[in-house]
Structure formats: structure tokens, C-alpha cells
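Each chain is listed here by its residues.
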Amino acid sequence: SRRTYTRRTEFTGMDCRSRRCGMTERMTDTRTWSIEVLSPLHIGSGDLMSPLDYAVMTGDSARTVVVYDFASLGVTDATGVEQLLRYVKPGTEWSALVQRAKELGAPNPHSAVRYIIPMLTQGAPEDILPFVRNCDDQAYVPGSSLKGAIRTALLYGWALDNEQFFRQLVLDTLNQRWKPDRKEVARGLERRAFGKDPNHDVMRALRVGDSDPVPTE
């Protein structure tokens with residue numbers, strides 16, 4: 001489904017110095033934008049979830065993934081913790097895990113729930129690559145990812161407007177290398193479109209903030 005998120009973008013111009021007082025003023029233009037995601041989007045946090053981080057909850061018409069904190073289940077006895085560790089398997093049902101934790105002395109295992117997300121695959125998941133989230137376990141789109149998307153779109157448009165240069169760059173790379181490097185073509189295109197090096201890159205003036213938290217419903 002399509003989702004619309006909000007992000008904050010700041011355009012920073014070069015410093016301008018007042019002739020009268022010699023002070024430096026920074027010219028900025030801050031705007032808030034809404035973006036619409038047209039296809040499935042996943043921005044990983046870099047972590048890998050094991051069955052000790054999640055369980056499966058099966059409803060009447062859908063299945064969901066319950067992400068929880070194992071240490072917060074409430075089992076404090078060392079023997080009980082060891083038994084619970086052996087109990088957890090890929091695809092463990094959340095209701096069964098809660099019941100087992102209660103049998104081992106946990107007063108309120110439900111308090112261990114961090115968040116719940118829809119399960120879009122069949123069978124029992126093993127390892128899950130989680131979406132990046134903030135300190136409150138809310139998913140969001142990082143500003144660095146948004147800026148990268150903007151950069152890619154601008155570069156694509158520049159390549160279409162300068163097709164002859166792009167073709168020549170590809171041909172030169174093919175002629176110079178026995179094994180052509182696609183990254184070298186991209187670097188040459190970026191240098192021509194944005195600047196010769198990071199210090200002269202025009203995109204330095206664009207600062208993109210993180211999006212607002214993304215609803216998980």
C-alpha cells in the first residue's frame with residue numbers, strides 16, 4: 001500500500017558577510033515535504049533478529065510477528081531461563097511462549113512486547129532483518145536515505161539531459177579496462193554533475209532530516 005511520510009529539508013547557502021559589521025550570516029531555507037512510497041521499502045537497521053527476539057501470533061485471518069525483549073519476559077530463575085531458552089524455536093507461537101513463561105514464574109510476560117508487525121510470508125520465519133527504528137521502537141526513514149534518493153533522481157535527470165557525455169563516459173571506461181567497473185562510470189558521472197570532489201559537491205548545501213515516525217498499522 002502507498003504510504004505518505006513527512007521529512008524536513010534545509011537548503012543552506014554560502015556564508016555572506018555583512019560589510020558594515022563583519023558578521024557572518026548563514027542563508028537557509030527550511031521546508032517540510034511529504035513523500036509517497038510507491039513500492040515496498042525496506043531500510044535495514046543492520047541488526048539480525050533470531051527466534052529469541054520474536055514470536056508468531058496467529059489470528060483468525062492474519063498472522064503477525066511479535067517483537068519482544070527476552071530479558072523482560074519476567075523469568076528470573078536461572079534454571080527457568082535455561083528452560084525457556086530451550087523452548088524457543090523458529091515460529092514459536094506468542095501465546096504458547098507467554099504460557100510457558102508464566103509456568104516458569106513470570107508475572108506479566110506481555111510487558112516484554114516491543115512492537116507488532118504484519119507477517120507477509122508463509123511458514124515459520126527464521127532470521128528477520130528489522131527496519132530501522134528510533135529509541136521508541138518507531139520506524140522512520142533516515143534523512144541520509146532520503147538524500148540518497150534525491151541525489152539519484154537528480155543524477156538520472158542530468159544523465160538524460162547529457163546523453164552524449166554519458167555514452168562517451170561508458171565507452172571510455174569500456175576501452176580502458178579489461179573488466180569495466182560500473183562504479184567508475186558512476187563516479188565519473190557524479191563528478192561531472194555535482195562537482196569534482198566532495199568538497200565541491202553542490203549537494204553539500206542540502207541537509208535532509210529524518211522523517212516523522214512511520215505508522216505500523
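Residues numbered from 1 in each chain as written. Predicted model: local features only at pLDDT ≥ 70, side-chain atom pairs only at ≥ 80, totals over all residues. Heavy atoms only, no water.

Colleague: Just checking my understanding: could you explain the confidence of the model for the protein chain for this structure?
Modeller: Across the protein chain, the average pLDDT comes to 83, with 84% of residues at 70 or higher. When mean pLDDT is compared element by element in the protein chain, helix α2 (residues 94-103) scores highest at 96, while strand β1 (residues 3-17) scores lowest at 51. Per-residue pLDDT stays below 50 along residues 13-24; that stretch engages in 13 contacts with residues further than four places along the chain or on separate chains. (pLDDT = per-residue confidence, 0-100. Helix = DSSP H or I, 4+ residues; strand = E, 2+ residues; numbered from the N terminus. Contact = heavy atoms within 4.5 Å.)

Colleague: Just to check I follow, could you spell out the environment of L104 for this structure?
Modeller: Mapping L104 onto the fold places it in the loop between α2 and β5 (113-118). On the basis of relative accessibility, which here comes to 18%, the residue L104 falls in the buried class. (Buried < 20%, exposed > 50% of the residue type's maximum accessible area, 1.4 Å probe, protein only.)

Colleague: Which parts of the structure should I look at to understand the packing of helix α3 (residues 143-161) against helix α4 (residues 163-176)?
Modeller: The relative placement of two packed helices is expressed as an angle between their axes plus a distance between the axes. Two elements in contact, α3 and α4, have axes separated by 5 Å at closest approach and are oriented at 95°. Put simply, α3 runs roughly perpendicular to α4. Together, W158, A159, L160 and D161 of α3 and E163, F165 and F166 of α4 make up the contact between the two elements. Split by residue class, the contact of α3 with α4 holds five nonpolar, no polar and two charged. (Axes fitted to C-alpha atoms, helices over the stretch in contact; angles between N-to-C directions. Parallel < 35°, antiparallel > 145°, perpendicular 65-115°, else oblique. Nonpolar A, V, L, I, M, F, W, Y, C, P; charged D, E, K, R; others polar.)

Colleague: Whenever I open this one, the packing of aromatic side chains confuses me. Can you help?
Modeller: Each pair of aromatic rings is reported with the distance of its centres and the angle of its planes. Applying the stated criterion across every chain, the model contains two aromatic pairs. When the ring of Y68 is compared with that of W94, the centres are 5.5 Å apart and the planes differ by 45°; the resulting orientation is tilted. Highlighted residues: Y68 in strand β4 (residues 63-68) and W94 in helix α2, separated in sequence by 26 residues. A ring pair is formed by W158 and F165, whose centres lie 5.7 Å apart and whose planes are at 85°; its orientation type is edge-to-face. Residue placement shows R133 over the ring face of Y115; its charged tip is 3.5 Å from the ring centre. (Phe/Tyr/Trp six-rings, centres within 6.5 Å; stacked < 30°, edge-to-face > 60°. Lys NZ or Arg CZ within 6 Å of the ring centre and 35° of its normal.)

Colleague: Help me understand the sheet that holds β4 in this model?
Modeller: Backbone hydrogen bonds hold the strands of a sheet together, and the pairing may be parallel or antiparallel. A sheet is described by the order of its strands in space; here three strands give the open sequence β3-β4-β5, paired in antiparallel fashion. The strands lining the two open edges of the sheet, one partner per strand, are β3 (54-58) and β5. The mean angle between the axes of side-by-side strands here comes to 25°, regardless of whether they run parallel or antiparallel. Running over the sheet, α2 touches β3, β4 and β5 and is turned about 120° from β3. (Pairing = 2+ DSSP bridges.)

Colleague: How should I be thinking about the side chain of S211 in this particular structure?
Modeller: Relative to the elements of secondary structure, S211 occurs in the segment after β6 (206-208). Overall, S211 belongs to the buried group, its relative accessible area being 8%. Polar contacts involving the side chain of S211 include one to the main-chain amide nitrogen of V141, which spans 2.9 Å. (Polar contact = N/O pair within 3.5 Å; in protein donor to acceptor, adjacent residues only side chain to side chain.)

Colleague: Explain the pairing of β4 to me, please; I cannot follow it from the model alone.
Modeller: Moving residue by residue along a regular strand, the side chains alternate between the two faces of the sheet. In terms of strand pairing, β3 meets β4 through five bridges, oriented antiparallel. Its bridge partner being in β4, V56 is matched across the sheet by V65. What sits between β3 and β4 in their antiparallel hairpin is a turn of four residues. Alignment of β4 against β5, held across five bridges, turns out to be antiparallel. The residue bridging T64 from the neighbouring strand is P118, located in β5.

Colleague: Sorry if this is basic, but what is going on with the pattern of salt bridges here?
Modeller: A side chain of one charge can pair with a side chain of the opposite charge when the charged atoms of the two come close. Tallied over the full model, the rule gives seven salt bridges. Of the charged contacts, one joins R86 and E82 as a salt bridge, the two residues approaching to 3.2 Å between their closest N and O atoms. Remark: E82 and R86 occur in helix α1 (residues 78-87); sequence separation between them is four residues, near one turn of the helix. Given the relative accessible area of 45%, E82 is considered partly exposed. Note that R114 and D137 form a salt bridge whose closest N and O atoms lie 2.7 Å from each other. Taken as a pair, R114 in strand β5 and D137 in the loop between β5 and α3 lie far apart in primary sequence, 23 residues in all. Here the salt bridges share partners, and the residues they tie into one network are R151, E190 and D201. (Salt bridge = Lys/Arg side-chain N within 4 Å of Asp/Glu carboxyl O.)

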